[in-house]
Amino acid sequence: MQWGILEFWLNCIREHLLRTSSTSRPASLPRVPAMESAKTISVSRRSSEEMKRDVSAPEGASPASLMAMGATSPQLSLSSSPTASVTPTTRSRIREERKDPLSALAREYGGSKRNALLKWCQKKTEGYQNIDITNFSSSWNDGLAFCALLHTYLPAHIPYQELNSQDKRRNFTLAFQAAESVGIKSTLDINEMVGTERPDWQNVMLYVTAIYKYFET
């Protein structure tokens, strides 16, 4: 009898303890699977990186091209100005060449302007038959030197293979007409050129200079 009463009370106490422990335990939050959590973090991180890429880089740009773009991006400095690299000496030389085109030719060939222009004529007429330019006088007295020089620029105007040194008037006429067709006015008189073996070298050089200036500057 006493044992039955004791057992009854023990059961009551056990049930009371079980009810107390079940009501006092806080409600647990639903657990998110570890794989799903990691996947969510990875997606958000990737989205952030893609947004940064879209803002800072053009579509289709590779890492190498991005590095090259960074290396070649223009810097704000005085040296980026188109005229910043032109020194006063360079400006002075450009103005001089515009006023006197033979100055650049003299620097290229060396020596005086007269000799530089003579060397240029020799180079331009190299390979032409019956041409031997050694001065600005007798070397031009038959008109062939003028024809050869202008033929290098205006071959359609001068049938050089048909010319000969004896027909001076025809040679001078063809040369002067070819030059005038592009706007180079003749400063030489055909009758004077035909009637002399040693034309004035200054007049010849002046006309040759006009040809050089028109075609080369």
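Conventions we followed
Residues numbered from 1 in each chain as written. Predicted model: local features only at pLDDT ≥ 70, side-chain atom pairs only at ≥ 80, totals over all residues. Heavy atoms only, no water. Helix = DSSP H or I, 4+ residues; strand = E, 2+ residues; numbered from the N terminus. Buried < 20%, exposed > 50% of the residue type's maximum accessible area, 1.4 Å probe, protein only. Contact = heavy atoms within 4.5 Å. Areas by Shrake-Rupley, 256 points an atom, 1.4 Å probe, with all protein chains shown as cover. Axes fitted to C-alpha atoms, helices over the stretch in contact; angles between N-to-C directions. Left-handed = near helix turned anticlockwise from the far one by under 90°. Nonpolar A, V, L, I, M, F, W, Y, C, P; charged D, E, K, R; others polar. Phe/Tyr/Trp six-rings, centres within 6.5 Å; stacked < 30°, edge-to-face > 60°. pLDDT = per-residue confidence, 0-100. Patch = residues over 30% accessible without salt bridge, like charges linked within 9 Å, V, L, I, M, F, W, Y side chains within 5 Å. Salt bridge = Lys/Arg side-chain N within 4 Å of Asp/Glu carboxyl O. Expected span 1.5 Å × (residues − 1). Parallel < 35°, antiparallel > 145°, perpendicular 65-115°, else oblique.

Some points on the overall build of the chain
Here is step 1: Per the secondary structure count, the chain includes 10 helices and 0 strands.
Here is step 2: Written out in order from the N terminus, the α and β elements of the chain read α-α-α-α-α-α-α-α-α-α.
Here is step 3: Burial status across the chain gives 24% buried among its 217 residues.
Here is step 4: Long-range contacts, defined here as pairs at least 24 residues apart, represent 48% of the contacts in the chain between residues at least 6 apart.
Here is step 5: About 15,800 Å² of surface is accessible on the chain, with carbon and sulfur atoms providing 56% of the total.

As for the environment of Ile 133
Here is step 1: By the secondary structure assignment, Ile 133 is in the loop between α6 (113-124) and α7 (144-151).
Here is step 2: Linking Ile 133 and Ala 145, residues 12 residues apart in sequence, is a C-alpha distance of 7.4 Å.
Here is step 3: Each residue touching Ile 133, except ones within four places of it in the same chain, is listed here: Leu 118, Cys 121, Gln 122, Thr 125, Ser 139, Trp 140 and Ala 145.

Looking at the packing of α7 against helix α8 (residues 168-181)
Here is step 1: For the pair α7 and α8, interaxial distance at closest approach is 8 Å and the crossing angle is 35 degrees. Note that α7 runs across α8; the crossing there is left-handed. In contact with Leu 144, Phe 146, Cys 147 and Leu 150 of α7, α8 contributes Asn 171, Phe 172, Ala 175 and Ala 179.
Here is step 2: Among the residues forming the contact of α7 with α8, the class breakdown is 7 nonpolar, 1 polar and no charged.

Brief notes about the packing of aromatic side chains
Here is step 1: Scanning the model with the defined rule gives 11 aromatic pairs in all.
Here is step 2: A centroid spacing of 6.1 Å and a plane angle of 55 degrees characterise the contact between Phe 146 and Phe 172, whose relative ring orientation is tilted. Linking Phe 146 in helix α7 with Phe 172 in helix α8, this pair joins segments that are 26 residues apart in sequence.
Here is step 3: Judged by its relative accessible area of 0%, Phe 146 is buried.
Here is step 4: Assessed through its relative accessible area of 0%, Phe 172 is described here as buried.
Here is step 5: With a centroid separation of 5.8 Å and an interplanar angle of 35 degrees, the aromatic rings of Phe 172 and Phe 176 are classed as tilted. Of this pair, Phe 172 and Phe 176 both sit in helix α8, 4 residues apart, which is roughly one turn of that helix.
Here is step 6: Taking relative accessible area as the criterion, Phe 176 reaches 3% and is therefore assigned buried.
Here is step 7: One aromatic cluster in this structure is built from Phe 136, Trp 140, Phe 146, Phe 172, Phe 176 and Tyr 207.

Overview of the confidence of the model for the chain
Here is step 1: For the chain, mean pLDDT is 78; residues scoring 70 or higher make up 64% of the total.
Here is step 2: Predicted confidence for residues 32-44 stays below pLDDT 50, and this span has 1 contact to residues more than four positions away or in other chains.
Here is step 3: Long-range and interchain partners of residues 70-84, a stretch whose pLDDT sits below 50, account for 4 contacts in this model, where long-range means more than four residues apart.

Focus: a nonpolar patch on the surface
Here is step 1: On the surface, Leu 6, Leu 10, Ile 13 and Leu 17 cluster together into a nonpolar patch covering about 380 Å² of accessible area.
Here is step 2: Position of Leu 10 among the secondary structure elements: in helix α1 (residues 2-24).
Here is step 3: With a relative accessible area of 45%, Leu 10 lands in the partly exposed category.

Overview of α6
Here is step 1: Its 12 residues place the ends of α6 16 Å apart at the C-alpha level, agreeing with the 16 Å of an ideal helix rising 1.5 Å per residue.
Here is step 2: Where α6 is concerned, the buried positions are Ala 116, Leu 117, Leu 118, Trp 120 and Cys 121.
Here is step 3: Buried residues in α6 make contact with α5 (102-109), α7 and α10 (201-216).

Some details on the packing of α7 against α10
Here is step 1: Where α7 meets α10, the closest approach of the two axes is 12 Å, and the angle between their N-to-C directions is 5 degrees. Judged on the interaxial angle alone, α10 and α7 are roughly parallel. Of α10, the residues touching α7 (which contributes Phe 146, Leu 149 and Leu 150) are Val 204, Tyr 207, Val 208, Ile 211 and Phe 215.
Here is step 2: Partitioned by chemical class, the residues of the contact of α7 with α10 number 8 nonpolar, no polar and no charged.

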